[in-house]
Amino acid sequence: MSAQKLDGKATAAKIKADLTGRVAALRARGVTPGLGTVLVGDDPGSQIYVAGKHRDCAEVGISSIRKDLPASATQAEVEAAIDELNADPACTGYIVQLPLPGHLDAMALLERIDPAKDADGLHPVNLGRLVHMVDAPLPCTPRGIVVLLQEYGVPLKGADVVVIGRGITVGRSLGLLLTRRSENATVTLCHTGTQDLAAHVRRADIVVAAAGVPHLVTPDMVKPGAAVLDVGVSRVDGKIAGDVAPEVAEVAAFLTPNPGGVGPMTRAMLLTNVVEAAEHAAA
Ligand SMILES: Nc1nc2c(c(=O)[nH]1)N[C@@H](CN(C=O)c1ccc(C(=O)N[C@@H](CCC(=O)O)C(=O)O)cc1)CN2
């Protein structure tokens, strides 16, 4: 078997084309969506992702505001940047880029975001809404994974999904999203405390690898015909190495490339969250 590519880049391009029209319609009504970003420090990956988010905004007509702070920024300085975006009417939604330098209290900073401007869906109020299965902005990577699976007709209802990684931006939130009644999947959340990872992965219809361990998922672990989504990003010898070994393509029915899979979907879902919030506000 050679897996069909779950093409995040192409799917994101279609989503951005649709958003361009919706932003133009909002602008015609005098509403300009505006995305803010708070970036602290000089993590090379974060620099690339934030630059990409601003390029995406320009592409679809969303205005954008950057707040870049040095790695030495204090908790009070980052809080001040957040307070400015909370108060700025030109900013309809924003994100605090993660990870933050270790001396900062990330949880306190996420809690300081106005939940109505939380473009990442990571504020505890919005995650709580997800727990309650009521409308809220959804975390971008999990939402992008669901949209990508739907785009390629991979069934979710009743599927056994194994998610590897319990971080809040991907694994834990994805478990909440996939177990809503609308998705109705059965989710096993594996993590560093899981005793026999291979045994869990082997019986999964869908595997989402978000552990940040290069080539953690090998072909012998994958059920023939499964869909495999590679979220992990490690840089090995200057190149991206995902959590999924390339040979998995010989066993899986569907596989995301990495790069070009989940990453572009994450960015497209951020734009979607911003446009949806502006549409709700304008309604
Ligand atoms: N506040 C947040 N921080 C982080 C999130 C998030 O959703 N919100 N997710 C990740 C990083 N991330 C978005 O911020 C992100 C990751 C990857 C990509 C992407 O397009 N990757 C490209 C490759 C680009 C490269 O590294 O060369 C791809 O996969 O094709 C976009 C966004 C952690 N932080």
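Residues numbered from 1 in each chain as written. Predicted model: local features only at pLDDT ≥ 70, side-chain atom pairs only at ≥ 80, totals over all residues.

Caption draft 1: Spatial organisation of the pairing of strand β4 (residues 93-96). Of the two faces of β4, the one carrying G93 and I95 and the one carrying Y94 and V96 are both buried. Judged from the four bridges that link them, strand β2 (residues 34-40) and β4 form a sheet pairing that is parallel. Each bridged residue has a counterpart across the sheet, and for L35 the counterpart in β4 is G93. (Buried ≥ 20, exposed ≤ 12 C-beta atoms within 10 Å, placed from the backbone. Helix = DSSP H or I, 4+ residues; strand = E, 2+ residues; numbered from the N terminus. Pairing = 2+ DSSP bridges.)

Caption draft 2: Representation of the domain arrangement of the protein. Per the domain assignment, the segments of the protein are domain 1 (30-117) and domain 2 (140-263). The straight-line distance from the C-alpha centre of domain 1 to that of domain 2 is 28 Å. (Domains from an automatic or database assignment.)

Caption draft 3: Just the sheet that holds β4, in detail. Strand order in the open sheet made by the three strands is β3-β2-β4, with parallel pairing throughout. Of all strands in the sheet, those with a lone pairing partner are β3 (63-69) and β4, marking the two edges. Each neighbouring strand pair of the sheet contributes to a mean axis angle of 15°, computed without reference to strand direction. (Axes fitted to C-alpha atoms, helices over the stretch in contact; angles between N-to-C directions.)

Caption draft 4: Spatial organisation of the UniProt feature "domain: Tetrahydrofolate dehydrogenase/cyclohydrolase NAD(P)-binding" (unreviewed entry) in the protein. Summarizing the sequence annotation, UniProt attributes the feature "domain: Tetrahydrofolate dehydrogenase/cyclohydrolase NAD(P)-binding" (unreviewed entry) to residues 139-280 in the numbering used throughout. Along residues 139-280 one finds 32% helix and 18% strand; the C-alpha atoms at either end are 18 Å apart. (UniProt positions renumbered as here; feature names shortened; annotations may be inferred.)

Caption draft 5: Representation of the packing of helix α1 (residues 8-28) against helix α2 (residues 44-60) in the model. Close contact between α1 and α2 brings their axes to 8 Å; oriented N to C, the two are set at 60°. Considering their axes alone, α1 and α2 lie oblique with respect to each other. Contacts from K16, L19, T20 and V23 of α1 reach α2 at D56, E59 and V60. Grouping the constituent residues of the contact of α1 with α2 by class yields three nonpolar, one polar and three charged. (Parallel < 35°, antiparallel > 145°, perpendicular 65-115°, else oblique. Contact = placed C-beta atoms within 7 Å. Nonpolar A, V, L, I, M, F, W, Y, C, P; charged D, E, K, R; others polar.)

Caption draft 6: Molecular detail of the environment of D230. Mapped onto the fold, D230 is located in strand β8 (residues 227-230). Sequence separation of D230 and D105 is 125 residues, and the distance between their C-alpha atoms is 29 Å. The contact partners of D230, leaving out residues within four places of it in the chain, are A209, G242, D243, V244, T256, N258, G261 and V262.

Caption draft 7: How the structure looks around the site of the ligand. Around the ligand, the structure places 19 residues, and the nearest of them are Y49, L98, C140, P259 and G263. Mapped onto the shell around the ligand, the elements with two or more residues apiece are α2, β4, α6 (140-151) and α9 (262-282). For the shell around the ligand, the per-class residue count stands at nine nonpolar, eight polar and two charged. No fewer than three residues from each of domain 1 (30-117) and domain 2 (140-263) sit in the shell around the ligand. (Near = placed C-beta within 6 Å.)

Caption draft 8: View of the sheet that holds strand β7 (residues 206-209). Strand order across the open sheet formed by six strands is β1-β11-β8-β7-β5-β6, with parallel pairing between neighbours. What marks the edges here is a single partner per strand, and that holds for β1 (4-5) and β6 (186-190). Inspection of the sheet shows strand β5 (residues 160-164) paired to β6 by five bridges, in the parallel sense. Paired with V161 across the bridge in β6 is V187.

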